[in-house]
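# Understanding the architecture of this molecule
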Amino acid sequence: MALRARALYDFRSENPGEISLREHEVLSLCSEQDIEGWLEGVNSRGDRGLFPASYVQVIRAPAAEPPPARYANVPVGGFEPLPPPAPFKPAAQQPPPEPFPAPPAGYPFPPYGGSYQPSQGSDDDWDDDWDDSSTVADEPGALGSSYPDYEAASGGAPGRYRLSTRSEPSLGSRGAGHPPGHPHPPGGGGAAKSSATVSRNLNRFSTFVKSGGEAFVLGEASGFVKDGDKLCVVLGPRGPEWQENPYPFQCSIEDPTKQTKFKGMKSYIAYKLVPSHTGQQVHRRYKHFDWLYGRLAEKFPVISVPHLPEKQATGRFEEDFISKRRKGLAWWMDHMCSHPVLAQCDAFQHFLTCPSTDEKAWKQGKRKAEKDEMVGANFFLTISVPTGPGASLDLQEVESQVDGFKAFTKKMDESALQLNHTANEFARKQVTGFKKEYQKVGHSFKCLSQAFELDQQAFSAGLNQAIAFTAEAYDAIGDLFADQPRQDLDPVMDLLALYQGHLANFPDIIHVQKGALTKVKESKRHVEEGKMELQKAEGIQERCNIISFATLAEINHFHKIRVRDFKSQMQHFLQQQILFFQKVTQKLEEALHKYDSV
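Once a new chain begins, its residue numbering starts again from 1 and follows that chain's sequence as written. Residues qualify for local features only when their pLDDT is at least 70, as the model is predicted, and side-chain atom pairs are given and counted only at 80 or more; totals for whole chains, interfaces and linings, by contrast, use all residues. With hydrogens and water set aside, each side-chain value is computed from the structure's full complement of heavy atoms.

The name recorded for the protein in an unreviewed UniProt entry is SNX18 protein, from Sapayoa aenigma. UniProt positions are given in the numbering used here, feature names are shortened, and annotations may be inferred rather than shown by experiment. You can read under Sequence similarities (unreviewed entry) in the UniProt record for the protein the words "Belongs to the sorting nexin family." For the protein, the Subcellular location (unreviewed entry) comment in UniProt is given as "Cytoplasmic vesicle membrane".

Shown next, in the form of structure tokens:
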């Protein structure tokens, strides 16, 4: 029987991920085990999320038995129990009380930033050949298995080593496994007085917390890192940069075709992918792209994973929509292959190379990606940054650069929106307004020609024909205007849509770096006040440097690829404009020459 609980008090959610409760409401629990004072469940309205464990009572009796009285545990002549104190925002000078524990840093939230949502059936449905309960990934040789033997052993395997940012607590400082920042359990020993610690964010739903950045900076990350998982940042001419992919490649997306399954009951569009480094074609559906995007957005909190073209509930098999989506996926693929980190990611390589007909291998690779341990705080362990003289970062300079980039992205986003609106409006006028106006002029010339034909004089025949040809020329020019946006404006708007996705990613990336910088400033203040050891503060600054290196490397990659893309696209736009007006000029010159023989 499903676990259930009854709400003892009203609770109003104030943060994403929480759900509201009503007194006496019966909820379904996902697990009876609370996570640092929080339970996860589904309320009577179907909302799923977190709520304080102290606000509910688990129902242990069978459903057929009447529920226990609300105040059955009140002593005779006693009093009605008061609910736990409701959450409130403390004053700036007052230490905040904890009415109930904050959700743990390691709680499995949705992909950081909250922007990614998996397919919900409006596009490609998840079916049994894709998402099943297969345990093929747990077979020998499959990725995703844990590494207890290495953790227990004194030495690691070649190419794989354990990294940890945890500091060993002194004897009696806190019990094993006791979360930092919480009161020590009784009997834990009080021989040593612990030094001050950097505080945790009150908002446990912020990007800095959900991405694992806070846990990493505070020294709570620990895991095995393989050589293949290392992400290297190097110092280039423009500052920190991701180390280039030693084996660059491209991937084309061609021939979208409609396919069916279940004897024609289900239809979908499959795209042919041909990676240049393998030359072997594979077929993927949109839901495969969607799954990959979700994995990458969750794994790489300081990398801008390009957004996919938007979903569409209706008209998915219309030719215009399929063509537009293919172009959007082509831009997406180009940015994936151009990124030194994303291009080499195991999940992306599996997506590109796994044969379409090998269902077992596909599921095995899918489970491998979903069981990746180098996510959250552990992801930052995989980042390798320059060391030695001249390799350290000045945090004040880093803050200035990040602030400058933040202002740049805001202005670019505003400009991109304006250009997209202008281009869309201009294209609409060309397709409808300009075509109609030119053809109206052509029709007027045709009427004039028909009127002149009433004159039976032989010497006027040439003039009549020339005017009729001019009418046809203006009709053709109207058609040229209607077709032109496909050649020049549509590609510009496709590029703007891709970059608007990137610009939407960077506030979260910047938030992670800003959060790390805040922890460094707090630790320095503790050192100046004599409340924290210098070595501990230096560890926090070192880990903040890793996040700063990665952030600056991603900013530099964005600028590099932006210059490449907009240079190419503006050249293409102007070339198409020149060709268009050359065609218009040619039509007018042909009409002009008709009058030479009149």
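## Some words on the overall build of the protein
Of regular secondary structure, the protein possesses 11 helices and 13 strands. For the protein, the residues scored as buried account for 41% of the 598 residues in total. A contact between two residues is defined here by any heavy atoms of the two lying within 4.5 Å. When contacts within the protein are restricted to residue pairs at least 6 apart in sequence, long-range pairs at least 24 apart make up 72% of them. Where accessible areas are quoted, they stem from the Shrake-Rupley method and a 1.4 Å probe; at the residue level, only the protein chains shown are allowed to cover. Looking at the protein as shown, the accessible area adds up to about 32,700 Å², and 53% of this sits on carbon and sulfur atoms. Going along the chain from the N terminus, every DSSP run of H or I of four or more residues is numbered as a helix, and every run of E of two or more is numbered as a strand. A 1.4 Å probe rolled over the protein chains alone gives each residue an accessible area, and that area as a share of the maximum for its type sets the label: buried under 20%, exposed over 50%, partly exposed in between.

## Description of the pairing of strand β4 (residues 48–52)
Counting buried positions over the 5 residues of β4 gives 4, a clear majority of the element. In this description, strands pair whenever DSSP reports at least two bridges between them. Here strand β3 (residues 38–42) runs beside β4; their pairing, made up of 5 bridges, is antiparallel. Its bridge partner being in β4, Glu40 is matched across the sheet by Leu50. The turn joining β3 and β4, which pair antiparallel and follow one another in sequence, is formed by 5 residues; a positive phi near 90° is taken by Gly46.

## Concerning the sheet that holds strand β9 (residues 239–242)
Through backbone hydrogen bonds, the strands of a sheet pair up, either in parallel or in antiparallel fashion. Here we have 3 strands laid out as an open sheet, ordered β9-β8-β13, and mixed in their pairing. Each of the sheet's edge strands pairs with one partner strand only, and the pair in question is β9 and β13 (383–384).

## Thoughts on the sheet that holds β4
What the 5 strands build is an open sheet, ordered β4-β3-β2-β1-β5; its pairing is antiparallel. The open sheet is flanked by β4 and β5 (56–59), the only strands paired with a single partner. The average angle at which neighbouring strand axes cross in this sheet is 45°, direction not considered. Here strand β1 (residues 4–7) runs beside strand β2 (residues 26–29); their pairing, made up of 3 bridges, is antiparallel. Bridge assignment links Ala5 to a residue of β2, and that residue is Leu27. Here an angle of 0 to 180 degrees is reported between the N-to-C directions of two axes, which are lines fitted to C-alpha atoms, with helices fitted over the stretch in contact.

## Concerning the pairing of strand β8 (residues 231–236)
Pairing geometry for β8 and β13, over 2 bridges, is parallel. By the bridge assignment for β13, Leu231 is matched with Ile383. Between β8 and β9, which follow one another and run antiparallel, lie 2 residues.

## A few points about the packing of helix α5 (residues 319–338) against helix α10 (residues 489–528)
Between α5 and α10, whose axes approach to 10 Å, the crossing angle comes to 50°. In terms of orientation, α5 and α10 fall into the oblique class. Note on packing geometry: the crossing formed by α5 with α10 is right-handed. Contact residues: Lys324, Lys327, Trp331, Trp332 and His335 in α5; Pro491, Asp494, Leu495, Leu498, Tyr499 and His502 in α10. Taken together, the residues of the contact of α5 with α10 break down into 6 nonpolar, 2 polar and 3 charged. Working rule for angles: under 35 degrees goes down as roughly parallel, over 145 as roughly antiparallel, 65 to 115 as roughly perpendicular, anything else as oblique. The hand of a helix crossing depends on one turn: near helix anticlockwise from the far one by less than a right angle means left-handed, and clockwise means right-handed. Residue classes follow a fixed rule: Ala, Val, Leu, Ile, Met, Phe, Trp, Tyr, Cys and Pro count as nonpolar, while Asp, Glu, Lys and Arg count as charged, and any other residue, Gly among them, counts as polar.

## Comments concerning the nonpolar core
Definition of nonpolar core: a set of buried residues of the types Ala, Val, Leu, Ile, Met, Phe, Trp, Tyr and Cys, connected through side-chain atoms within 4.5 Å. Membership of the largest hydrophobic core comes to 85 residues, with the highest contact counts inside it found for Phe216, Leu273, Phe289, Phe300, Met333, Phe348 and Phe351. Broken down by element, the residue count for this core peaks at 12 residues, all from helix α11 (residues 534–593). Those domain boundaries reflect an automatic or database domain assignment. Each of domain 2 (244–373) and domain 3 (395–594) gives at least three residues to this core. Core analysis: the next-biggest nonpolar cluster, separate from the first, contains 13 residues, Leu8, Tyr9, Leu27 and Phe51 among them.

## Section: unusual backbone geometry
Non-glycine residue His24 carries a positive phi angle of around 75°. With respect to the helices, strands and loops of the structure, His24 is situated in the loop between β1 and β2. Look at His24 and you get partly exposed, because its relative accessible area is 46%. The phi angle at Asp255 is positive, at roughly 45°, despite the residue not being glycine.

## Details of the environment of His288
Among the secondary structure elements, His288 is positioned in helix α4 (residues 286–299). The class of His288 is buried, set by a relative accessible area of 11%. Taking the C-alpha atoms as reference, His288 lies 10.0 Å from Ala270; in sequence the two are 18 residues apart.

## Section: the packing of helix α6 (residues 346–353) against helix α7 (residues 359–370)
Taken N-terminus to C-terminus, the directions of α6 and α7 make an angle of 165°; their axes are 10 Å apart at the nearest point. Accordingly, the angle class assigned to the pair α6 and α7 is roughly antiparallel. With respect to the hand of their crossing, α6 and α7 are arranged in left-handed fashion. For the pair formed by α6 and α7, the contact residues are Asp346, Ala347, His350 and Phe351 on the first element and Ala361, Trp362, Gly365, Lys366, Lys368 and Ala369 on the second. Taken together, the residues that form the contact of α6 with α7 break down as 5 nonpolar, 2 polar and 3 charged.

## Regarding the packing of aromatic side chains
The criterion for an aromatic pair is that two Phe, Tyr or Trp rings (for Trp, the six-membered ring) have centres within 6.5 Å, with stacked assigned to planes under 30 degrees apart, edge-to-face to planes over 60 apart and tilted to the rest. Taken as a whole and assessed by the stated rule, the structure comprises 24 aromatic pairs. Measuring from centroid to centroid gives 4.9 Å for Tyr438 and Phe481, while their planes differ by 25°, and the two rings are stacked. In this pair, Tyr438 sits in helix α8 (residues 395–452) while Phe481 sits in helix α9 (residues 461–483), placing the two residues 43 residues apart along the sequence. When its relative accessible area of 27% is taken as the criterion, Tyr438 is described as partly exposed. Since its relative accessible area comes to 8%, Phe481 is described here as buried. Pairwise contacts between aromatic rings join Phe426, Phe434, Tyr438, Phe445, Tyr474, Phe481, Phe580 and Phe581 into one cluster.

## A closer look at the pattern of salt bridges
Between Lys or Arg on one side and Asp or Glu on the other, a salt bridge is scored when a side-chain nitrogen of the former is within 4 Å of a carboxyl oxygen of the latter. Here the structure, examined in full by the defined rule, presents 22 salt bridges. Overlapping salt bridges, with partners in common, bring together Glu399, Asp403, Lys514 and Lys521 in one network.

## Some thoughts on α8
Helix length check: α8, at 58 residues, gives a terminal C-alpha distance of 82 Å against a target of 86 Å (1.5 Å per residue), a fit within 8%. Of all the bends in α8, the greatest measures close to 45° and is centred on Gln430. Three or more residues of α8 are buried, namely Leu395, Val398, Val402, Phe405, Thr409, Met412, Ala416, Ala423, Ala427, Gln430, Gly442 and Ser449. Structurally, α8 contributes buried residues whose contacts are with α9, α10 and α11. At the N-terminal end of α8, a side-chain oxygen is found 3.1 Å from the backbone nitrogen of Gln396, two or three residues along, and the residue is Asp394. Expected helix span is given by 1.5 Å per residue-to-residue step, counting one fewer step than there are residues. A residue's bend is simply the angle between two axes: one fitted to the seven residues ending at it, one to the seven starting at it. What qualifies as a polar contact is a pair of N or O atoms within 3.5 Å, subject to a donor-acceptor requirement within protein and to the restriction that residues adjacent in sequence count only when both atoms come from side chains.

## Quick word on the environment of Asn505
With respect to the helices and strands, Asn505 occurs in helix α10. In sequence terms Asn505 and Val305 are 200 residues apart; their C-alpha atoms lie 7.7 Å from each other. Look past the residues within four positions of Asn505 in its chain and what remains in contact with it is Ser304, Val305 and His307.

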